[in-house]
Amino acid sequence: MDDIGRAADDPRLSSPAAQRNRAPIAAILRQVLPARGSVLEIASGSGEHAVYLAEALPGLHWQPSDPSPEALRSIAAWREVAARPNLLAPLALDVTAEWPKIEELVAVCAFNLLHIAPWAAAESLFAAAGRQLPPGGLLVLYGPFRRAGTPLAESNSRFDEALRTRDPRWGIRDLTALEALAAEAGLEALQVHEMPANNLCLVWRRVA
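The present account deals with the structure reproduced in this document.

The rules behind each value
- Residues numbered from 1 in each chain as written.
- Predicted model: local features only at pLDDT ≥ 70, side-chain atom pairs only at ≥ 80, totals over all residues.
- Heavy atoms only, no water.
- Helix = DSSP H or I, 4+ residues; strand = E, 2+ residues; numbered from the N terminus.
- Rg over C-alpha atoms; globule rule 2.2 N^0.38 Å.
- Buried < 20%, exposed > 50% of the residue type's maximum accessible area, 1.4 Å probe, protein only.
- Contact = heavy atoms within 4.5 Å.
- Areas by Shrake-Rupley, 256 points an atom, 1.4 Å probe, with all protein chains shown as cover.
- Lys, Arg positive; Asp, Glu negative; His and termini not counted.
- Charge placed at Lys NZ, Arg CZ, Asp CG, Glu CD.
- Axes fitted to C-alpha atoms, helices over the stretch in contact; angles between N-to-C directions.
- Parallel < 35°, antiparallel > 145°, perpendicular 65-115°, else oblique.
- Left-handed = near helix turned anticlockwise from the far one by under 90°.
- Nonpolar A, V, L, I, M, F, W, Y, C, P; charged D, E, K, R; others polar.
- Salt bridge = Lys/Arg side-chain N within 4 Å of Asp/Glu carboxyl O.

### Examining the overall build of the protein
Along its length, the protein carries six helices and eleven strands. For 208 residues, the compact-globule formula gives about 17 Å, and the C-alpha radius of gyration of the protein, at 16 Å, lands near that figure. Projected onto the principal axes, the alpha-carbon positions of the protein cover approximately 45 × 45 × 30 Å. Taken over 208 residues, the protein has a buried fraction of 50%. When contacts within the protein are restricted to residue pairs at least 6 apart in sequence, long-range pairs at least 24 apart make up 71% of them. Entry remark: accessible area of the protein is about 9,600 Å², with carbon and sulfur atoms responsible for 52%. Separation between the mean location of the 20 positive side-chain charges and that of the 24 negative ones in the protein comes to 3 Å.

Below, the structure is given as structure tokens:
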């Protein structure tokens, strides 16, 4: 979430992008996630998604995580204000490191992550999801992606160029390359949802 800002004397970070896309994401998650179980959110950033989705999906235990101490403080502060019994304390978790075991895990989610991280993060995300998810468990990603045979929208093309200027390891990821990672991890493509602002929501299922 590269547009996160801070209010003075308040540990809670705020991301306009999270506020814009949380309702469309929740609508997809209501369709695809089971009613019960635990969801691990990778790179939760400000924590606003975690609060909103825990409220929108009260039957699920929402487990936020992030490697950044600043983000972890923000998530904890948002969690304290929300006082949701199904919103768990944030975990310090780097996607490229070993993941802790999550009880009753039914899904792993990552929103707006892969284009602002090295490719190694995508490799680790899919491999770890494949190891951790039970048969039928879901990996759900949201953000801008390249689709074979479909030119990038002009806004996404400019965004991709800006990302690569900031860090040559960043950039909008190719869906075909992600499908290859999914296949290696034992995940099968389930759904591709068109989202506002030229984004996609991608859903993979862990095969038996």
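### Quick notes on the packing of helix H2 (residues 48–56) against helix H3 (residues 69–82)
Relative to each other, H2 and H3 sit at 30°, their axes nearing to 9 Å. In terms of axis orientation, H2 runs roughly parallel to H3. Between H2 and H3 lies a crossing whose hand is right-handed. Between H2, through Glu48, Val51 and Glu55, and H3, the contact on the second element is made entirely by Trp78, Arg79 and Ala82. Looking at the contact of H2 with H3 residue by residue, the classes come out as three nonpolar, no polar and three charged.

### Side note on the environment of Phe159
Locating Phe159 in the fold gives a position in helix H5 (residues 154–166). With a relative accessible area of 26%, Phe159 lands in the partly exposed category. Placed 134 residues apart in sequence, Phe159 and Ile25 show a C-alpha to C-alpha distance of 21 Å.

### So, the pattern of salt bridges
By the definition in use, this model includes six salt bridges. Between Arg158 and Glu154 there is a salt bridge; the shortest N-O distance is 3.0 Å. Highlighted residues: Arg158 and Glu154, both in helix H5, separated by four residues, approximately one helical turn. Close ionic contact of Asp167 with Arg169 constitutes a salt bridge, the shortest N to O distance being 3.0 Å. Exposure remark for Asp167: the relative accessible area of 13% places this residue in the buried category. Here the residues in one salt-bridge network are Arg146, Asp160 and Arg164, joined through shared partners.

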